[in-house]
Amino acid sequence: MFIARLAGIAVFDPAGDQVGRVRDVVVALRLAPRPPRVLGLVVEVGPRRPVFLPITRVQLIEADAVIFDGRLNMRRFSKRESETLVIAEMLDRTIRFCDSGEPVSVVDVAMEPTRTRDWLVTKVAVLRGGRGLRRGAGLRRRGESLVVDWDAVEGFSAVEHGQGAAGLIAAFGQMKAADLANIVHELPPKRRTEVAAALDDERLADVLEELPEDDQIEILGKLEADRAADVLEAMGPDDAADLLGELPTEQREQLLTLMEPQEAAPVRRLLTYEDDSAGGLMTTEPVIVPPDATVAEALAQIRQPDLNPALAAQVYVSRPPTATPTGRYLGTVHFQKLLREPPPTLVSGIVDTALDPLRPTMTLEAVAMILATYNLVAAPVVDENGHLLGAVTIDDVLDHLLPEDWREAAMDAAAEAAADPEEEALRGAEGAR
C-alpha cells in the first residue's frame, strides 16, 4: 500500500460512520537494514483536530477507505522525537542507492502487513535523474521511476538541506487552505520553509491568510523579496495590509515598492487607517456594478468560485468608475433579491438605500453592532463624499474580536482526553528501541 495515496481518504468505524480523513502515517525508523515499523495513522477528525489511530486498531485499508475497530482517543496528536511522518517528512528527500551511491528522490513509500500483524515500510518509489519541477511549473516530474526494497537505499535519517516538497503538496493538493495551513503550522521550521517555497503564489497566499501572525512573518521573511511581493499581490488587500502592518517600516516599504503599483495602492490606503476601524477592517475588492447593469450580470459576478462567501452575499451599486474608491455610491442589492428578479432587470431599480453605509473611522465595536442589529454578513464603507471605499465582512470582524492568538490557540490546543494505554505502549516501546 503506497502511503501518499492514503492522504485524504475517509476513515470509518465498524458501523459505517465516517469519523475523519487520513492526513499522514507515523513510522519509527530503525537501525539498518531493519525496515521502519508503522505505528499508526494521523486522522483529521474535525477542523484543526488531528488524532492518532494506532495501526493495531485498523481492520481494513482499501484504496478509498480505512476501517478501524471503533476505538479512537480524541487527544490531539503530537509527534514525538523518535517518530517520522511519511508524507510531511519523507517524500521528496534525496537518498542514495547503497551499492552505487547514486542520488535519487523519494516519490512514495509502501507499507505491508507481516504475519505478526505488524505493518512495515518495505518499498521505496524513487525518481532517478530528476526532481520535482520548480515553483510555477506544476508538480510534474522528469526522470526514471523505480520501486526498490527499503534496504537498497540509505539516507532517510540524515538531515537534508533544500529538501523538495512536490510530493507533500501533491498529496494534499485538494485540501482546503485552512486545513493545509494547519499542517504547515505543525511542520518543523525547515520543512515549513521548503513547502512555502514549493507552493505557487496563489496557493501560498491562501495558506498565509489562514496562519497565525508569527508563522506569516516567518515564512514571508524566508522568501526572496520579489517572491514575497508576488505573494502579497495574490493575497486579499486587507490581509496583505494586516501582514505588512506587523513588519518593520523599512521591510514594509521595500515590499510595497516591489509590488505592482495598482496592487500596492489599495494596500497603502488600508495602512492609513487604524487597525480596529472600519477602514482598517475593510477589503477594497467588493463586488461593484454600475446602475445600468442587469440582474444577470450581477449574478455572474457573484458566481466567481474564488469569491469570499460573505462578499458574494450582495453587490454594491455605484456610478462609474467601479474600482474603489468608486464614483457615487447608490446602494446595495442582496443576492436573494437578485434571485427573485427577472435576469433583464436593471439593478438600479431594485437597489436598497434604507441602510446607512459605514464610515471608515467607525470603531470595531460600532461596526459589530450594526452587523448584528441588521443581521448583515457585510456592509459598505463610504467616505464623506459618497465614494465607496470597500466593504467590511463578518469574518474580518470576528477575526479582530477574537483574542489575537486565536488561530494559534485553535491549532495548538490539546484535547482533554486521557492518555490511551495501547497507544502509549505502541509508541513508547518503539521509541525506546
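Anything mentioned here points back to the structure above.
Residues numbered from 1 in each chain as written. Predicted model: local features only at pLDDT ≥ 70, side-chain atom pairs only at ≥ 80, totals over all residues. Heavy atoms only, no water.

**Q** It is not clear to me how the overall build of the protein chain should be interpreted in this structure. Could you clarify?
**A** Looking only at helices and strands, the protein chain has 17 helices and 17 strands in total. Put simply, the protein chain has 433 residues, and 47% of those count as buried. Residue pairs in contact within the protein chain that sit at least 24 positions apart in sequence constitute 62% of those at least 6 positions apart. Taken as a whole, the protein chain presents about 21000 Å² of accessible surface, with 51% of it coming from carbon and sulfur. (Helix = DSSP H or I, 4+ residues; strand = E, 2+ residues; numbered from the N terminus. Buried < 20%, exposed > 50% of the residue type's maximum accessible area, 1.4 Å probe, protein only. Contact = heavy atoms within 4.5 Å. Areas by Shrake-Rupley, 256 points an atom, 1.4 Å probe, with all protein chains shown as cover.)

**Q** So what exactly am I meant to see when it comes to helix α12 (residues 295-302) here?
**A** In an α-helix, one turn spans 3.6 residues, which is why side chains three or four residues apart end up on the same side. Restricting attention to buried positions, one finds in α12 the residues Val295, Ala298, Leu299 and Ile302. Taken down its axis, α12 places every buried residue within 100° of arc, on the same side. Each element contacted by the buried residues of α12 is listed here: β13 (288-289), β14 (314-318) and α13 (335-340). (Arc of directions from axis to C-beta.)

**Q** For this particular structure, what's the right way to read the packing of helix α4 (residues 189-198) against helix α6 (residues 213-222)?
**A** For any two helices packed against each other, the geometry is given by the interaxial angle and the distance between the axes. Closest axis-to-axis distance for the α4/α6 pair is 10 Å, and the angle between their directions is 65°. Every pair of crossing elements has a handedness; the one defined by α4 and α6 is right-handed. Between α4 and α6, the residues in contact are Pro189, Arg192, Thr193 and Ala196 and Asp215, Glu218, Ile219 and Lys222, respectively. Tallied by class, the residues present in the contact of α4 with α6 amount to 3 nonpolar, 1 polar and 4 charged. (Axes fitted to C-alpha atoms, helices over the stretch in contact; angles between N-to-C directions. Left-handed = near helix turned anticlockwise from the far one by under 90°. Nonpolar A, V, L, I, M, F, W, Y, C, P; charged D, E, K, R; others polar.)

**Q** Teacher, can you tell me more about the pattern of salt bridges here?
**A** Two side chains bearing opposite charge may form a pair once their charged atoms approach each other closely. A full pass over the atoms with the stated rule returns 16 salt bridges. Between arginine 191 and glutamate 194 there is a salt bridge, with the nearest N and O atoms lying 3.0 Å from each other. Within this pair, arginine 191 and its partner glutamate 194 are both found in helix α4, separated by 3 residues, close to a single helical turn. Salt-bridge contacts for glutamate 341 lead to lysine 337; the nearest nitrogen and oxygen are separated by 3.5 Å. Residue class for glutamate 341 comes out partly exposed when judged on its relative accessible area of 24%. You can call lysine 337 partly exposed: its relative accessible area is 32%. Members of the salt-bridge network, linked through shared partners, are Arg23, Glu44, Arg76 and Glu186. (Salt bridge = Lys/Arg side-chain N within 4 Å of Asp/Glu carboxyl O.)

**Q** What exactly am I supposed to notice about the nonpolar core here?
**A** Generally speaking, nonpolar side chains in soluble globular proteins are found buried as a group. Counting 94 residues, the largest nonpolar core has Val25, Val109, Val124, Phe156, Leu232 and Val392 as the members making the most contacts within it. In this structure, Ala312, Tyr316, Val317 and Leu338 belong to the second largest nonpolar core, which totals 23 residues. (Core = buried A, V, L, I, M, F, W, Y, C linked by side-chain atoms within 4.5 Å.)

**Q** Please explain the environment of arginine 80 as it appears in this structure.
**A** Structurally, the position occupied by arginine 80 is in the loop between β6 (65-68) and β7 (84-85). Remark: the alpha-carbon pair of arginine 80 and alanine 28, spanning 52 residues in sequence, is separated by 9.9 Å.

**Q** Got a minute to help me understand a negative patch on the surface in this structure?
**A** A contiguous patch of negative charge, built from Glu213, Asp214, Glu246, Glu274, Asp275, Asp276, Glu365 and Glu404, is present on the exposed surface. Within the secondary structure, aspartate 275 is located in the loop between α10 (261-271) and α11 (278-281). (Patch = residues over 30% accessible without salt bridge, like charges linked within 9 Å, V, L, I, M, F, W, Y side chains within 5 Å. Lys, Arg positive; Asp, Glu negative; His and termini not counted. Charge placed at Lys NZ, Arg CZ, Asp CG, Glu CD.)

**Q** Just checking my understanding: could you explain the packing of aromatic side chains for this structure?
**A** Note on aromatic pairs: each is described by the distance of the centres and the angle between the planes. In total, this model carries 2 aromatic pairs according to the counting rule given. With a centroid separation of 6.2 Å and an interplanar angle of 15°, the aromatic rings of phenylalanine 52 and phenylalanine 77 are classed as stacked. Within this pair, whereas phenylalanine 52 is found in strand β4 (residues 49-54), its partner phenylalanine 77 is found in the loop between β6 and β7, the two being separated by 25 residues in sequence. Overall, the relative accessible area of 9% leaves phenylalanine 77 in the buried class. A ring pair is formed by tryptophan 150 and phenylalanine 156, whose centres lie 4.6 Å apart and whose planes are at 15°; its orientation type is stacked. A single burial state applies to tryptophan 150 and to phenylalanine 156, both of which are buried. (Phe/Tyr/Trp six-rings, centres within 6.5 Å; stacked < 30°, edge-to-face > 60°.)

**Q** Any chance you could explain the sheet that holds β14 here in plain terms?
**A** Think of a sheet as strands paired side by side through backbone hydrogen bonds, with each pair either parallel or antiparallel. The 3 strands lie next to each other as β13-β14-β15, forming an open sheet whose pairing is mixed. Looking at which strands have only one partner, the edges of the open sheet turn out to be β13 and β15 (329-334). Relative to β15, β14 is paired through 5 bridges, and the arrangement is antiparallel. Across the sheet, tyrosine 316 pairs through a bridge with threonine 332, a residue of β15. (Pairing = 2+ DSSP bridges.)

**Q** How do you make sense of the environment of glycine 280 when you look at a structure like this?
**A** Within the element layout of this structure, glycine 280 appears in helix α11. Judged by relative accessible area, glycine 280 falls into the buried class, the value being 11%. Each C-alpha atom, one on glycine 280 and one on threonine 361, is 8.6 Å from the other, the two residues being 81 residues apart in sequence. Not counting chain neighbours up to four residues away, the residues in contact with glycine 280 comprise Asp242, Tyr273, Glu274 and Asp275.

**Q** What exactly am I supposed to notice about a nonpolar patch on the surface here?
**A** Taken together, the side chains of Leu398, Leu401 and Leu402 make up a nonpolar region of the molecular surface, amounting to roughly 260 Å² of accessible area. Mapped onto the secondary structure, leucine 402 falls in the loop between α15 (394-401) and α16 (406-412).

**Q** Looking at this structure, how should I read the environment of glycine 173?
**A** Inspection of the secondary structure puts glycine 173 in the loop between α2 (166-171) and α3 (177-186). Spatially, the C-alpha atoms of glycine 173 and alanine 7 are 9.7 Å apart, while their sequence positions differ by 166 residues.

**Q** Can you walk me through the packing of helix α7 (residues 225-234) against helix α9 (residues 249-258) in this structure?
**A** Look at α7 against α9: their axes get within 9 Å of each other, and the N-to-C directions meet at 75°. With respect to each other, α7 and α9 are oriented roughly perpendicular. Here α7 contributes Ala225, Asp226, Ala228, Ala229, Leu232 and Glu233 to the contact with α9, which in turn contributes Gln254, Leu255 and Leu258. (Parallel < 35°, antiparallel > 145°, perpendicular 65-115°, else oblique.)

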